[in-house]
Amino acid sequence: MKKLVLIGNGMAGIRTLEEIIKRDPSMYEITIFGKEPYPNYNRILLSKVLQGDSSVEDIVLNDYDWYEKHGITLRKGEEAVEVDTEQQIVYGNKGEAVKYDTLLFATGSNPFMLPIDGADKEGVIAFRDIQDCETMIESSKKYKKAAVIGGGLLGLEAARGLLNLDMEVDVVHLPNFLMERQLDEPAAKMLRQELESQGMNFLMEKQTVKLRGKDRVTGLLFKDGSSIEADLVVMAIGIRPNVQLAKEAGLEVDRAIVVDDYMRTSAPNVYAVGECVQHRDTVYGLVAPLYEQGKILAEYLTGDKKSLGKGYEGTLLYTQLKVSGVDVFSAGEFVDKPDTKAIRVHDEFEGIYKKVVVRDNKVIGSVLFGDTKDSPRLLDMMKKGQDISEMNKVAILPSEDHSAGAESPVVAMDASETICGCNGVCKGDVVTAIKEKELSSVGEVTAHTNAGRSCGGCKPLVSDLLEHTLGEAFSEADKKQPMCGCTDYSHEEVLEEIRSKKLTLVKEVMNVLEWKEPEGCSGCRPAINYYIGMAHPTESDDDMNSKFINERVHANIQNDGTFSVVPRMYGGVTNPEELRKIADVADKYKVKMVKVTGGQRLDLLGVNKEDLPSIWEDLGMPSGHAYGKSVRTVKTCVGQDFCRFGTQDSIQLGIDIEKRFQGLQTPHKVKMGVSACPRNCAESGIKDIGLVGLQGAWEMYVAGNGGIDLRQGDLLCTLETDEEVMEMISAYMQYYRETARYLERTSHWLERLGLEHVKSVVVEDKEQRAALAERMDTAIAQFNEPWQQIINDGKIKQDYFEANVTS
Ligand SMILES: Cc1cc2nc3c(=O)[nH]c(=O)nc-3n(C[C@H](O)[C@H](O)[C@H](O)COP(=O)(O)OP(=O)(O)OC[C@H]3O[C@@H](n4cnc5c(N)ncnc54)[C@H](O)[C@@H]3O)c2cc1C
Ligand SMILES: NC(=O)c1ccc[n+]([C@@H]2O[C@H](COP(=O)([O-])OP(=O)(O)OC[C@H]3O[C@@H](n4cnc5c(N)ncnc54)[C@H](O)[C@@H]3O)[C@@H](O)[C@H]2O)c1
Ligand code: SF4
Ligand code: FES
C-alpha cells in the first residue's frame, strides 16, 4: 500500500481524506501530523461553542473511532517540523520520521496578532482554536471587561459569544463601518444598530497602539490618545497562511503555497489544500472553496492521470454572519463602480436592506440585510452568469411575504440552486437523497449529503425542503429524533424493540431494524450496546467493539496519546500499603505525573497503552472507572470520626455506596458525594447524587452538576437509615438507567422528566421503588472487575493493548 502523510488535522485536510477514502478506501496507508491535541473538529462552530449553543464534544467531526476504522495513524499533538522532499520524509517534533509516497500540506492559517507593545501580556488572545475558546470561557468567570479588536466576521462572532458569557464588550474597529470587506455602508449601519441593541459597544476608527497592564492586560491605548479598560483582549484582525514549513522545504510560496488546478505544488508528489494554498493568485478563508479543492485532489489522486478531468477553477465566495437575530448575506462584487448599476430595496420599517450589483446585464454581487431568503437564487444567477436583460429588474428582488405560514423560498428554487454553500450541495442533490434513501430528518440529510455539516446556516432550508418533499409524512417523521443518521428509529424506539424482540447483540439490532449503515457509527453502536446490557442484564455480553476508546482500554486517553490510570479508592480513603504500591508503579513505569483528582482519587498520568495491563497487575487494585459511562467516585467528608461538626458516618456510608454500585453501566457518568453536615465539604449539592447529614437523617439531592452546565441538585427526599439510603439510590438510579437516553446526564434527564414525576415514581410509590431496586440488584450482580479480567485474558491483552494504533 502506498503511504500518504497529511500535515494538519484540520477541516480541509480531513475532508480531502474523506473524499479519497470514499473513492478508494484501500489505496493509502495514512499518517497524520496534527499539532492540536484533538481529533478533527468543526472550527466554524467554535463561535457557537462560545455563544453557548454547542459544546466542544458536539463539534467533533471525526472521532477517534473514525481514525481507527480507517487504519489511520493520528500523531495527535505532534507538529511536523521538517520535510525532505528528496528522500520523501516528514520529521515530527517528537523525533519521528515518516516516509511518504504522497504528501499533503493542509496547515491552515495563523491568526494575525498586532505587533504592538503589550501584545504578549496575559489575557491577550486570538480566536482560532478550542484552546482560545476555553480561555475566553474561563476568563469570563473571573473578569468582566472584554475588548475585541476587529469588527469583521470573526470579531463580531467573538463579541456575541463574550456577551453571552456575561462580559461587557467593546469592539474596536479601524475603518468607519463594520465588516467593510463584506458590507456596504447602509447595511453595516443597520448591523451596528442591531448589535448595539444586543449590548455591544463600538469604538470606530480607533487604532490600538499599546496594551496596558503589568503581567495581565488592563487596557488599550489608541493613537488619538484615548483609552479604554479591558482585562481580556481578543484580536480578530485577519489571518495569515501557515507556510513556514513549506517554505523551508523549498516549495514555491508566494502569499501562500502555490498550487495548480490539481492542487499540485512545485515539488513532486507534494499537494496542498486549504487556507495555506494560493490558487490562481487567490487565497481563501472560508470552507466552501477548501472543500472543493479537497474533492478535486481526491479525484486526481484516485483517478486516471492520463485523462484528467476538469481541475479546480476557483470559487465564488459568499458569507453569512453567525450571530442570532442577525441575517446578513454578502457575495461577489458589491461595491458600486463607474461601470456598475444597482437595484436597491431599503425598508426601514421592517429593517430590511437589499442591494444587487449588475454589470453588463449580469448580477456580479449582492448584499442582503434583515432578509436573506433571496440569497440562493442570487448566488445561482452569479454562478451561471445569467443574462438579466430580458428580466423585469424589480422581479430580481421580489417583495417578500413575511406572514407566518408563507411558502418557503425553497419551493421556488431550481434544482441546480445551492442549498448548502459550505459543502456545495444543491437542491436537486438533497431531493434525490431524500427520495432514494428515504430520509426523514435534517440529521439524516446531513449524514448522507454533507448539507448542514459545517456552519449549519442552511439547516432551516434543508428542513423546509424535507417538509416540501415529504408533505404529510414529514410532520409525522419529524416528531421523533432519530438516534443517528444510520436509522429512523429514535432512542426510545430502539430500546422498545430491544426489549420486545429480545435482541441481545448489537449486530442483531442493526439487522432487525434495517440499519442504513451496516456497521453503524460511533453514535449508535455504544448506545445500542448500553440499551442491550440494561434491558437484558443476564442474557447479554458487553460488546467491547461498540464502546468508545476509553471504555475499550479501561483508561482515559490524554492529549498526547498516552493514558491515565485511576485505581479505585472506596470513599476516597487509602492507606500506606496502597500508596506504596502506587508510588512503586509510578517509578517503575516512569509515570509523568501523579495527581489528586477532584473526586479524591490518585491519577497516574502519561502511561503508554501497552503498559496498562502490567500496571494494573502490579497495582493489584480495582479500576476506578474514571473513563466510563458508569458510576465513578463517591466523594466523602471526614464526618463523625474526625470532624467536630460531624455527627454521622459519611465515610462508611460513602464506602458502602461505592462498593455496591462500582462499575455499574449508566447512560452517562454518575458522580456522588456524602457530607455529614450542611457545610457540605464533599460538595454533595453539585453531584448526580449527593447526601447531606442533618439531625441524624440524610437529605438526598439529585441531578446536581459541577461541570460546564453548573446545576445545583434538587432535594429528592429525606431518609432515616443507611438501608433506606441504599434502596432509594438503587431505585432512583435504576429509573435513570431505564428511561434516560444514552449520553444524557442526570441533570438533563431530570429536567426532561420533571422532579415531581421522578418523585412520584421512586419516593411516593413504594411498590415501584421496590421493583426498581430489585432490578438494580440483578444489574449489580453482573459486575466483573475489568482490569482483573484483562490481566487474566491474553487475547484481550493482545487485541486491545498491543495493536499498532496511536489514536
Ligand atoms: C471562530 C471561527 C469561525 C469561523 N466561521 C466560519 C464560517 O462560518 N464559515 C466558513 O466558511 N469559515 C469559517 N471559519 C473559517 C474556517 O474555519 C477555516 O476556513 C477552515 O477551518 C480552514 O481549514 P484548514 O484545514 O485550511 O485549516 P485549519 O482548520 O486551521 O487546520 C489546519 C490544522 O493544521 C495544524 N497544523 C499547522 N501546521 C502544522 C504542522 N507543522 N504540523 C502539524 N499540524 C499542523 C493546525 O494546528 C490546524 O489544526 C471560521 C473560523 C473560525 C476560527
Ligand atoms: N461567518 C463566517 O463566515 C466567519 C466567521 C468567523 C471567521 N471567519 C473567517 O475567519 C477568518 C478570520 O476572520 P477575521 O474577521 O479576523 O478576518 P477579516 O480579515 O475578515 O476581518 C478583520 C477585520 O479587522 C479589521 N482590522 C484590521 N486591523 C485592525 C486594527 N488594527 N484595529 C481594528 N480593526 C482592524 C479589518 O478592517 C477587518 O474588518 C476569515 O477568513 C473569515 O472569513 C468567517
Ligand atoms: S461536611 Fe460537616 S461533618 Fe463533614 S467535614 Fe465538613 S464540616 Fe465536617
Ligand atoms: S451553508 Fe454552511 S453548512 Fe450548509
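First, a word on what this report is: a plain description of the structure on this page. (Residues numbered from 1 in each chain as written. Chains lettered and ligands numbered in written order. Predicted model: local features only at pLDDT ≥ 70, side-chain atom pairs only at ≥ 80, totals over all residues. Heavy atoms only, no water.)

## Some points on the site of ligand 2
Part 1: Lining the immediate environment of ligand 2, one finds 21 residues, of which E157, E180, R181, G238 and Q320 sit closest.
Part 2: In the model, an oxygen atom of ligand 2 is placed 3.0 Å from a nitrogen or oxygen of the G285 main chain.
Part 3: Q320 places a polar main-chain atom, nitrogen or oxygen, 2.8 Å from a nitrogen atom of ligand 2.
Part 4: Relative to its unbound accessible surface of 850 Å², ligand 2 loses 85% to contact with the protein. (Near = heavy atom within 4 Å. Polar contact = N/O pair within 3.5 Å; in protein donor to acceptor, adjacent residues only side chain to side chain. Areas by Shrake-Rupley, 256 points an atom, 1.4 Å probe, with all protein chains shown as cover.)

## What about the site of ligand 3?
Part 1: Neighbouring ligand 3 are the residues C637, V638, C643, F645, G646, S675, A676, C677, R679, N680 and C681.
Part 2: In terms of residue class, the shell around ligand 3 is built from seven nonpolar, three polar and one charged. (Nonpolar A, V, L, I, M, F, W, Y, C, P; charged D, E, K, R; others polar.)

## Notes on the environment of F222
Part 1: Residue position: F222 is located in strand β14 (residues 217–222).
Part 2: For F222, a relative accessible area of 2% translates into the label buried.
Part 3: In the structure, F222 is positioned 17 residues away from E205 in sequence and 9.8 Å away in space, judged by C-alpha atoms.
Part 4: Discounting residues that sit within four places of it in the chain, F222 has contacts with V172, L203, K206, Q207, T208, V209, S227 and I228. (Helix = DSSP H or I, 4+ residues; strand = E, 2+ residues; numbered from the N terminus. Buried < 20%, exposed > 50% of the residue type's maximum accessible area, 1.4 Å probe, protein only. Contact = heavy atoms within 4.5 Å.)

## So, the packing of aromatic side chains
Part 1: Inspection of every chain in the model, using the stated rule, returns twelve aromatic pairs.
Part 2: Between the aromatic rings of W66 and Y67, the centroid separation amounts to 5.1 Å while the plane-to-plane angle is 85 degrees, which identifies the pairing as edge-to-face. No difference in accessibility class separates W66 from Y67, as the two residues are buried.
Part 3: A connected cluster of aromatic rings, assembled from ring pairs, spans Y732, Y735, Y736 and W749.
Part 4: A cation sits over an aromatic face here: K659 above Y570, 5.1 Å from the ring centre. (Phe/Tyr/Trp six-rings, centres within 6.5 Å; stacked < 30°, edge-to-face > 60°. Lys NZ or Arg CZ within 6 Å of the ring centre and 35° of its normal.)

## A closer look at the sheet that holds strand β19 (residues 270–272)
Part 1: Sheet architecture is open: five strands sit in the order β3-β2-β1-β7-β19, paired in parallel fashion. The sheet terminates laterally at β3 (73–76) and β19, the two strands that pair on one side only. On average, adjacent strands in this sheet sit at an angle of 15 degrees to one another, irrespective of strand direction.
Part 2: Two strands pair when backbone bridges link them, and strand β1 (residues 2–7) and strand β7 (residues 102–105) are joined in this way by four bridges, in the parallel orientation. Residue pairing in the sheet places L6 in a bridge with L104 of β7.
Part 3: In the packing of helix α8 (residues 287–302) onto the sheet, the strands contacted are β2 (28–34), β7 and β19, and the crossing angle to β19 comes to about 155 degrees. (Pairing = 2+ DSSP bridges. Axes fitted to C-alpha atoms, helices over the stretch in contact; angles between N-to-C directions.)

## Some remarks on the pairing of β14
Part 1: Counting buried positions over the six residues of β14 gives five, a clear majority of the element.
Part 2: Where strand β13 (residues 208–213) meets β14, five bridges bridge the pair, whose relative direction is antiparallel. Across the sheet, residue G213 finds its bridge partner in β14, namely V217.
Part 3: Linking β13 to β14, which pair antiparallel, is a turn of three residues.

## Considerations on the sheet that holds strand β21 (residues 282–283)
Backbone hydrogen bonds are what pair the strands of a sheet, in a parallel or an antiparallel way.
Part 1: Taken in spatial order, the three strands line up as β18-β20-β21 in an open sheet, and their pairing is mixed. At either end of the open sheet lies a strand with only one pairing partner, and these are β18 (257–259) and β21.
Part 2: Summarising the sheet, β18 and strand β20 (residues 277–279) pair through three bridges and their orientation is parallel. Each residue of the ladder has a partner; that of I257, found in β20, is V277.

## Overview of the packing of helix α22 (residues 722–739) against helix α24 (residues 755–762)
Part 1: As a packed pair, α22 and α24 sit with axes 10 Å apart at the nearest point and diverge in direction by 125 degrees. Here α24 runs oblique to α22, going by the angle between their axes. The interaxial crossing formed by α22 with α24 has right-handed handedness. Residues M728, A731, Y732 and Y735 of α22 touch α24, and the partners they reach there are H757, V758, V761 and V762.
Part 2: Looking at the contact of α22 with α24, its residues break down into seven nonpolar, one polar and no charged. (Parallel < 35°, antiparallel > 145°, perpendicular 65-115°, else oblique. Left-handed = near helix turned anticlockwise from the far one by under 90°.)

## Concerning helix α23 (residues 746–753)
Part 1: Along α23, the positions that sit buried rather than exposed are T746, S747, W749 and L750. Buried residues of α23 fall within an arc of 165 degrees about the axis and therefore sit on the same side.
Part 2: Considering only its buried residues, α23 is in contact with β36 (697–702), β37 (714–719), α22 and α24. (Arc of directions from axis to C-beta.)

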